[in-house]
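Topology and contacts: notes
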Amino acid sequence: MLIAGNWKMHTTSAEAFTLASRICESVHSDGASEVVVCPPFVSMRAAADAVAGSRIMLGAQTMFWETQGAFTGEVSADMLLEFGCRFCIVGHSERRGRFGKSDLPANLLAYFSETDAVVARKFSAALGAGLIPILCVGETEKERAEHRTEQVIQTQLNAALCAGTDARFVIAYEPVWAIGTGDVCEPDEADRVCAFIRTAAKKAGTSEQFQVVYGGSVNAENARALLERESVEGVLVGGASLKPDEFSKIIAIGDEIAK
Ligand code: PGA
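Only a predicted model underlies this, so the values are computations on that prediction, with no experimental measurement involved.

What counts and what doesn't
Residues numbered from 1 in each chain as written. Predicted model: local features only at pLDDT ≥ 70, side-chain atom pairs only at ≥ 80, totals over all residues. Heavy atoms only, no water. Helix = DSSP H or I, 4+ residues; strand = E, 2+ residues; numbered from the N terminus. Rg over C-alpha atoms; globule rule 2.2 N^0.38 Å. Buried < 20%, exposed > 50% of the residue type's maximum accessible area, 1.4 Å probe, protein only. Contact = heavy atoms within 4.5 Å. Lys, Arg positive; Asp, Glu negative; His and termini not counted. Charge placed at Lys NZ, Arg CZ, Asp CG, Glu CD. Pairing = 2+ DSSP bridges. Right-handed = clockwise from strand over helix to strand, strands pointing away. Patch = residues over 30% accessible without salt bridge, like charges linked within 9 Å, V, L, I, M, F, W, Y side chains within 5 Å. Areas by Shrake-Rupley, 256 points an atom, 1.4 Å probe, with all protein chains shown as cover. Salt bridge = Lys/Arg side-chain N within 4 Å of Asp/Glu carboxyl O. Expected span 1.5 Å × (residues − 1). Arc of directions from axis to C-beta. Axes fitted to C-alpha atoms, helices over the stretch in contact; angles between N-to-C directions. Parallel < 35°, antiparallel > 145°, perpendicular 65-115°, else oblique. Left-handed = near helix turned anticlockwise from the far one by under 90°. Nonpolar A, V, L, I, M, F, W, Y, C, P; charged D, E, K, R; others polar.

As a further point, take the overall build of the protein chain. When its secondary structure is counted, the protein chain shows 11 helices and 8 strands. Over its C-alpha atoms the protein chain spans a radius of gyration of 17 Å, differing by no more than 12% from the 18 Å that the globule rule assigns to 259 residues. With respect to the three principal axes, the spread of C-alpha positions in the protein chain is 45 × 45 × 40 Å. For the protein chain, buried positions account for 54% of its 259 residues. Pairs at least 24 residues apart make up 72% of the contacts formed inside the protein chain by residues separated by at least 6 positions. Counting 24 positive and 34 negative side-chain charges, the protein chain places the averaged centre of each group 2 Å from the other.

So, in structure tokens, the structure goes:
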């Protein structure tokens with residue numbers, strides 16, 4: 001069971017230290033689930049200091065695939081490993097330029113414009129460096145309405161998993177329409193799509209060492225129903241991971257179900 005928090009572009013260093021410290025204080029030190037928080041790069045040091053010696057692990061929200069060089073503004077896997085990062089989110093829909101709800105015109109929405117090919121490079125670079133990538137896949141509202149959910153996810157998976165790997169990774173089913181909207185996916189449907197992802201990833205000939213988690217408007221109220229489903233092996237939490245009491249409740253639910 002993996003409970004991961006994506007802090008997105010929230011928390012200065014001081015805020016990250018406080019948030020991570022409060023999460024550490026309110027979770028059991030020996031719970032059965034794995035817990036990861038993913039702060040912004042510049043708050044990583046503060047978060048690392050706060051979680052030192054605790055069960056909370058660190059992840060990054062993205063990375064670049066090259067090890068070093070003239071790539072202004074980018075961060076390599078080695079830079080993340082130096083902070084003790086174990087995980088790295090890759091291909092989040094916000095980085096792919098796919099948003100559930102936004103007032104921005106289409107040409108501005110794609111400001112990061114990550115393609116499947118870019119995500120695939122990040123995925124294999126993370127694995128190669130010894131990080132555990134959390135690969136985000138999922139359909140938009142329009143794609144769901146057109147009954148293209150499986151097709152879209154299959155394409156996203158094929159691109160990233162084509163290289164094959166024996167190392168551990170995580171796939172997060174994050175329906176774009178559920179992210180930051182409060183419109184959580186029905187647990188039965190999340191379970192069905194997570195099961196589809198498991199089968200598809202196995203067919204792609206990858207290692208057995210992967211988990212499939214759900215993300216999109218997860219909170220302390222709906223986490224149990226999701227985590228109790230057989231194919232949902234964890235959650236990737238955005239907004240609710242910024243509230244230490246709420247995130248700790250989700251962790252406690254994960255610990256209970258993981259026992
Ligand atoms: P949310 O974000 O929980 O705020 O919907 C989830 C995510 O983007 O990973």
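Read on, since the account is not over.
A word on the pairing of strand β7 (residues 210-215). With 6 of 6 residues buried, β7 is to be regarded as a mostly interior element. Of the two faces of β7, the one lined by F210, V212 and Y214 and the one lined by Q211, V213 and G215 are each fully buried. Alignment of strand β6 (residues 169-173) against β7, held across 5 bridges, turns out to be parallel. By the bridge assignment, Y173 is partnered in β7 with Y214. At this point the chain moves from β6, through helix α9 (residues 187-203), to the parallel β7, and the crossover so formed is right-handed. One ladder, built from 2 bridges, connects β7 with strand β8 (residues 234-237); its direction is parallel. Counterpart to Y214 in the pairing with β8 is V235.

It is worth spelling out a nonpolar patch on the surface at this point. Together, L104, L108, Y111 and F112 make up an exposed nonpolar region whose accessible area comes to about 380 Å². One can find Y111 in the loop between α5 (106-109) and α6 (116-129).

Once that is clear, we can look at helix α8 (residues 149-161). Helical periodicity: at 3.6 residues per turn, an α-helix aligns residues three or four positions apart in one direction. With 13 residues, α8 should reach 18 Å at 1.5 Å per residue; the first-to-last C-alpha distance of 18 Å fits that figure. Those residues of α8 not exposed but buried are T149, V152, I153, Q156, L157, A160 and L161. Across the axial projection of α8, the buried residues extend over an arc of 140 degrees, all falling on one side. Considering only its buried residues, α8 is in contact with α4 (93-96), α6, β5 (132-137), α7 (141-145), β6 and α9.

Once that is clear, we can look at the sheet that holds β8. Taking strand neighbours around the barrel as the criterion, the 8 strands line up as β1-β2-β3-β4-β5-β6-β7-β8 in a closed arrangement whose pairing is parallel. Sheet twist, expressed as the average angle between the axes of neighbouring strands with direction ignored, equals 25 degrees. Bridge analysis of β5 against β6 gives 4 bridges, and the strand direction is parallel. Bridge assignment links V137 to a residue of β6, and that residue is Y173. Helix α2 (residues 44-51) rests against β3 (56-60) and β4 (85-90) of the sheet, and its axis sits at about 165 degrees to β3.

We now examine α9. The terminal C-alpha atoms of α9, which comprises 17 residues, lie 24 Å apart, in line with the 24 Å expected from a rise of 1.5 Å per residue. Along α9, the positions that sit buried rather than exposed are P187, E189, A190, D191, V193, C194, I197, A200 and A201. In this structure, the buried residues of α9 make contact with β5, α7, α8, β6, β7 and α10 (223-227). Two residues or fewer after α9 comes G205, characterised by a positive phi angle close to 75 degrees.

This part is about the packing of helix α1 (residues 13-26) against helix α11 (residues 244-258). Between α1 and α11, whose axes approach to 9 Å, the crossing angle comes to 40 degrees. The angle between α1 and α11 places the two elements in the oblique class. Judged by the twist between their axes, the crossing of α1 over α11 is right-handed. Contacts from L19, R22, I23 and S26 in α1 reach P244, D245, F247, S248 and I251 in α11. Split by residue class, the contact of α1 with α11 holds 5 nonpolar, 2 polar and 2 charged.

In short, shape yes, function no, at least from these values alone.
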